[in-house]
4 protein chains.
Amino acid sequence: MQDYIFEQDFVVRDYECDIQGIVNNANYQHYMEHTRHQFIKSLGLDFSDLHNRGIDVVVSKIQIEYKRPLHGGEAFVCKLNVCREGIRYVFQQDIYRCSDMALCTKGRVEAVSVVNGRLALCDEVEKALNVSQA
Amino acid sequence: MQDYIFEQDFVVRDYECDIQGIVNNANYQHYMEHTRHQFIKSLGLDFSDLHNRGIDVVVSKIQIEYKRPLHGGEAFVCKLNVCREGIRYVFQQDIYRCSDMALCTKGRVEAVSVVNGRLALCDEVEKALNVSQA
Amino acid sequence: MQDYIFEQDFVVRDYECDIQGIVNNANYQHYMEHTRHQFIKSLGLDFSDLHNRGIDVVVSKIQIEYKRPLHGGEAFVCKLNVCREGIRYVFQQDIYRCSDMALCTKGRVEAVSVVNGRLALCDEVEKALNVSQA
Amino acid sequence: MQDYIFEQDFVVRDYECDIQGIVNNANYQHYMEHTRHQFIKSLGLDFSDLHNRGIDVVVSKIQIEYKRPLHGGEAFVCKLNVCREGIRYVFQQDIYRCSDMALCTKGRVEAVSVVNGRLALCDEVEKALNVSQA
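Residues numbered from 1 in each chain as written. Chains lettered and ligands numbered in written order. Predicted model: local features only at pLDDT ≥ 70, side-chain atom pairs only at ≥ 80, totals over all residues. Heavy atoms only, no water.

### Description of the overall build of chain A
The helix and strand inventory of chain A stands at 3 helices and 6 strands. Written out in order from the N terminus, the α and β elements of chain A read β-α-α-β-β-β-β-β-α. Taking the principal axes of the C-alpha coordinates as reference, chain A spans close to 45 × 30 × 25 Å. When contacts within chain A are restricted to residue pairs at least 6 apart in sequence, long-range pairs at least 24 apart make up 67% of them. (Helix = DSSP H or I, 4+ residues; strand = E, 2+ residues; numbered from the N terminus. Contact = heavy atoms within 4.5 Å.)

### Section: the packing of aromatic side chains
Scanning the entire structure with this criterion turns up 28 aromatic pairs over all chains. Taking the centre distance of 6.0 Å and the plane angle of 85° together, the rings of A:Tyr28 and A:Tyr31 count as edge-to-face. One end of the pair is A:Tyr28 and the other is A:Tyr31, both in helix H1 (residues 25-42) and 3 residues apart, which spans about a single turn. As far as burial versus exposure is concerned, A:Tyr28 and A:Tyr31 are alike and both buried. Geometrically, the ring pair formed by D:Tyr4 and D:Tyr96 is edge-to-face, given 6.1 Å between the ring centres and 75° between the ring planes. Within this pair, whereas D:Tyr4 is found in the segment before strand E1 (6-11), its partner D:Tyr96 is found in strand E4 (residues 88-97), the two being separated by 92 residues in sequence. When sorted by exposure, D:Tyr4 lands in the same class as D:Tyr96, which is buried. (Phe/Tyr/Trp six-rings, centres within 6.5 Å; stacked < 30°, edge-to-face > 60°. Buried < 20%, exposed > 50% of the residue type's maximum accessible area, 1.4 Å probe, protein only.)

### Focus: the pairing of strand E2 (residues 55-66) of chain B
Residues in a regular strand project their side chains so that they alternate between the two faces of the sheet. Pairing of E2(B) with strand E5 (residues 103-115) of chain B involves 11 bridges; the strand directions are antiparallel. Looking at the pairing, B:Val59 lines up with B:Ala111 of E5(B). (Pairing = 2+ DSSP bridges.)

### So, the interface of chain D and chain A
Contacts between the two partners involve 16 residues from chain D and, on the opposite side, 16 residues from chain A. In total, chain D and chain A occlude about 1,500 Å² of area from one another, counting both sides; carbon and sulfur atoms represent 44% of this. Viewed at the interface, chain A and chain D are joined by 0 salt bridges. Counting the contacts that link chain D with chain A gives 10 residue pairs in polar contact (both at pLDDT 80 or more). It is strand E2 (residues 55-66) of chain D that provides the largest number of residues to the side of chain D that touches chain A, a total of 9 residues. (Buried area = accessible area lost by both parts, 1.4 Å probe. Salt bridge = Lys/Arg side-chain N within 4 Å of Asp/Glu carboxyl O. Polar contact = N/O pair within 3.5 Å; in protein donor to acceptor, adjacent residues only side chain to side chain.)

### Examining the interface of chain B and chain C
Chain B puts 16 residues into the contact, and the matching count from chain C is 16 residues. A buried area of about 1,500 Å², summed over both sides, lies between chain B and chain C, and 45% of it is on carbon and sulfur atoms. Counting across the interface, chain B meets chain C through 0 salt bridges. Our count for the contact surface shared by chain B and chain C stands at 10 residue pairs in polar contact (both at pLDDT 80 or more). Taken together, the elements giving at least two residues each to the side of chain B that touches chain C come down to helix H1 (25-42) and E2 of chain B. If one sorts the elements of the side of chain B that touches chain C by residue count, E2(B) sits on top with 9 residues. In terms of residue class, the side of chain B that touches chain C is made up of 5 nonpolar, 7 polar and 4 charged. The pairing of E2(B) with strand E2 (residues 55-66) of chain C spans 5 bridges and is classified as antiparallel. In the strand pairing of E2(C), B:Ile64 is matched with C:Ile62. (Nonpolar A, V, L, I, M, F, W, Y, C, P; charged D, E, K, R; others polar.)

### Concerning the pattern of salt bridges
Residues and elements named next belong to chain A. Here the structure, examined in full by the defined rule, presents 48 salt bridges over all chains. In this structure, Glu110 engages Arg88 in a salt bridge whose closest nitrogen and oxygen atoms are separated by 3.3 Å. Taken together, the residues Glu110 in strand E5 (residues 103-115) and Arg88 in strand E4 (residues 88-97) connect sequence positions 22 residues apart. Judged by relative accessible area, which is 5%, Glu110 ranks as buried.

### Remarks on the packing of H1(A) against helix H1 (residues 25-42) of chain D
Two elements in contact, H1(A) and H1(D), have axes separated by 8 Å at closest approach and are oriented at 175°. When the axis of H1(A) is compared with that of H1(D), the two are roughly antiparallel. Taking contact as the criterion, the partners of A:Asn25, A:Ala26, A:Gln29 and A:His30 in H1(A) are, on H1(D), D:Asn25, D:Ala26, D:Gln29 and D:His30. (Axes fitted to C-alpha atoms, helices over the stretch in contact; angles between N-to-C directions. Parallel < 35°, antiparallel > 145°, perpendicular 65-115°, else oblique.)

### Observations regarding the relation of the copies chain D and chain A
Rotating chain D by 180° and translating it 0.0 Å along the rotation axis places it on chain A, where the RMSD comes to 0.0 Å. The superposition of one copy onto the other is thereby described by a two-fold rotation axis. Proximity to the rotation axis, assessed at the C-alpha, singles out D:Gln63 in chain D; its C-alpha lies 2.2 Å from the axis. Comparing interface residues between copies, 100% of those in chain D also lie at the interface in chain A; the contact surface is shared. (Least-squares fit on C-alpha atoms with pLDDT ≥ 70 in both.)

### Overview of H1(D)
Residues and elements named next belong to chain D. A rise of 1.5 Å per residue sets the reference length of H1, with its 18 residues, at 26 Å; its end C-alpha atoms lie 27 Å apart and thus fit the reference within 8%. Counting buried positions along H1 gives 13 out of 18 residues, so the element sits mostly inside the fold. With a side-chain oxygen positioned 3.0 Å from the backbone nitrogen of Ala26, the residue opening H1 is Asn24. Of the residues trailing H1, Gly44 is marked for its positive phi of about 90°. (Expected span 1.5 Å × (residues − 1).)

### Section: the confidence of the model for chain A
Overall, the prediction assigns chain A a mean pLDDT of 93, with 99% of residues at 70 or greater. What the predictor reports for the complex is a pTM of 0.95 with an ipTM of 0.94. (pLDDT = per-residue confidence, 0-100.)

### Remarks on the relation of the copies chain B and chain C
Overlay of chain B on chain C (RMSD 0.0 Å): rotation 180°, translation along the axis 0.0 Å. The fraction of interface residues of chain B whose copies in chain C are also interface residues reaches 100%, indicating that both copies meet through the same surface.

### Quick notes on the state of the cysteines
Inspection of every chain in the model, using the stated rule, returns 0 disulfides over all chains. Free of any disulfide, B:Cys98 has its nearest neighbouring cysteine sulfur in B:Cys104, separated by 9.2 Å. Cysteine D:Cys122 is unpaired, with the sulfur of D:Cys83 as its nearest cysteine sulfur at 17 Å. (Disulfide = S-S within 2.5 Å.)

### A word on the environment of B:Lys61
Checked against the element boundaries, B:Lys61 lands in strand E2. Note on B:Lys61: relative accessible area 25%, which makes it partly exposed. In sequence terms B:Lys61 and B:Asp46 are 15 residues apart; their C-alpha atoms lie 22 Å from each other. Beyond its immediate stretch of four places on either side in the chain, B:Lys61 contacts B:Arg108, B:Val109, B:Glu110, C:Gln63, C:Ile64, C:Glu65 and C:Tyr66.

### Quick notes on the pairing of strand E3 (residues 75-85) of chain C
All names here are of chain C. Judged by how many residues are buried, E3 sits mostly within the fold: 8 of 11 residues are covered. With 6 bridges joining them, strand E1 (residues 6-11) and E3 adopt antiparallel strand pairing. Among the inter-strand pairings, Phe6 is bridged to a residue of E3, identified as Leu80. Summarising the sheet, E3 and strand E4 (residues 88-97) pair through 10 bridges and their orientation is antiparallel.

Shown next as structure tokens:
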């Protein structure tokens, strides 16, 4: 398995499953969001403080490949990397089930920073994410 | 069937169902909330305007009896009445499936108004809900 | 604080919060369901096995009192007791925030067992829940 | 605006919004799923009947571009097209807000049919979707 810089543990809750007993597709996006927010919190970035100073980081695009479904009660981990591509922050977020570390979903989330209502890079976010480019 | 003063139509979405193919219990609370908000909107009450003037209406207690489960794709209607009991606004919210108007859930939601951080009756809300008492 | 026989730890996920930055009311029901299922699993009861033998345990009534709202990122614990009242299994499920153990919600969930399509007590469930009466 | 072969109307429910008062990103996936299922139902395809005969259609990949956020109470429509690319059924699913028909999200959902546990094209599904190739 490749290296990641952050990970968040979960257990599937039964209400997250649909009639087939497997996690509903949209819930993987919830797992990824929670992992991203915990990651950002771990860096000391404070979204509401940024927001009050006119800086917002928003998701602009998401892509998820569904490889294997998770079932009610299963333990899994969402692992994360982040890099910068031009004006976008790109999060790689992959979910593995804990029993055998099989890859369940591969996710890619693109986010941009909006400063005073305009798309713009934000030094503060870049430094916190450690994605500054040469 | 008794009389109600407001109703909201719905169709069960598959993602609202759990492994048994029936609507997850918590989703009935979502249906009831959406119905209540549509009702309040129909009265011309504007929550964000009230909030900006220091008035909040918050749910303090909820009770739901589950009679018959709804299944994916089924049409249903959430019907509503409201009255006042002392300091509380009490919403009666019952859900019927459309195919035979069988009662699926019986709900009772108590809400209170908080004015400048203190529990208090609010004339404006009372008048809009038409629950003023003699 | 009173004694409980089971508890489950949680952290509020941001997507569980609504526009006021507090947990949406229906989500407390999700927290309570997950806690109940983890409790039942801890007892060794297997719902799908019971189901295959014609035994279902279903929620018939729920009541929640909302005392204090939880906010995004807050740690909390859902504590549980269970007893039997006649034909009903009654779960007391209370949620406390971890920072000061303040009571956030008080919940009461009634469930019944349905054996081969009829309401009936079920020895197996009763023994597992340890709620047999003299 | 381009042509689509199916569309489903919605109104944003307040519980689908997050702290910023806009629809949480994962909920767009729910809207798209509900639209897809309503479309498939309109074609007369019966998933549970197919499933009982060993045929499952599963989502293998999803991509969503977020252009403009939807707010609580806003009416919107999810429009749909479908085509076949090799072994995959590709759904184009775009969401427009009704007030001005501005594009809110652009979605692409890839699904595959699994017949008796193996990836395979399924004549019955192809004909119903009307995506047979020369």
